[in-house]
Amino acid sequence: MRKRSDAEVFRITGARQGLAEDVRGRQRRYVISMLVRTASVIATVALWNVQRPVAIVTLVLGALLPYVAVVFANAGRENVPSLPSTFVTPPPPTMIAPQPGPVAAAAPSAESGAEDRP
């Protein structure tokens, strides 16, 4: 029996992601930011005598990025997501098409009923 790929998946828990997965994600973000810092320091050295204003910008980026990377790496775990709502809306009822055939007799009109009253 195959699963349908277009089926909607519901989250039934409010649990956080695992600690190992959380640490791995923070380490990955830290390594990426340190690679950007290394590239900015190399760009500073390469551009110092060619484009000094760009070199100064890369120098400032290389000086500030370690602080930002450490703050984000030590920020801690994410907040617990809220639990899903327990209210499930029922699907709308299916409508049955009217059967072709004779039309039912119309109700007596209001004018004929008014003449009968005294």
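Heads up: the structure comes first, above all this text.
These numbers were taken from a predicted model, which means no experiment stands behind them. (Residues numbered from 1 in each chain as written. Predicted model: local features only at pLDDT ≥ 70, side-chain atom pairs only at ≥ 80, totals over all residues. Heavy atoms only, no water.)

**Considering the overall build of the protein chain**
- Along the backbone of the protein chain there are 3 helices and 0 strands.
- Written out in order from the N terminus, the α and β elements of the protein chain read α-α-α.
- The proportion of buried residues among the 118 residues of the protein chain is 12%.
- With the model as given, the accessible surface of the protein chain reaches about 10900 Å², and the carbon-plus-sulfur share is 65%. (Helix = DSSP H or I, 4+ residues; strand = E, 2+ residues; numbered from the N terminus. Buried < 20%, exposed > 50% of the residue type's maximum accessible area, 1.4 Å probe, protein only. Areas by Shrake-Rupley, 256 points an atom, 1.4 Å probe, with all protein chains shown as cover.)

**A look at a nonpolar patch on the surface**
- Residues W48, I56, L59, V60 and L64 make up a contiguous nonpolar surface patch of roughly 450 Å² in combined accessible area.
- Within the fold, V60 resides in helix 2 (residues 52–73). (Patch = residues over 30% accessible without salt bridge, like charges linked within 9 Å, V, L, I, M, F, W, Y side chains within 5 Å. Salt bridge = Lys/Arg side-chain N within 4 Å of Asp/Glu carboxyl O.)

**Quick word on the packing of helix 1 (residues 19–47) against helix 2**
- Two elements in contact, helix 1 and helix 2, have axes separated by 8 Å at closest approach and are oriented at 160°. Considered as vectors, helix 1 and helix 2 are oriented roughly antiparallel to each other. Here helix 1 runs over helix 2; the crossing is left-handed.
- Per-class residue counts for the contact of helix 1 with helix 2 are 16 nonpolar, 5 polar and 3 charged. (Axes fitted to C-alpha atoms, helices over the stretch in contact; angles between N-to-C directions. Parallel < 35°, antiparallel > 145°, perpendicular 65-115°, else oblique. Left-handed = near helix turned anticlockwise from the far one by under 90°. Nonpolar A, V, L, I, M, F, W, Y, C, P; charged D, E, K, R; others polar.)

**Some words on the environment of V36**
- Tracing the chain through its elements places V36 in helix 1.
- Residue V36 is classed as partly exposed on the basis of its relative accessible area of 40%.
- A sequence separation of 30 residues divides V36 from P66, and the C-alpha atoms of the two residues are 9.9 Å apart.

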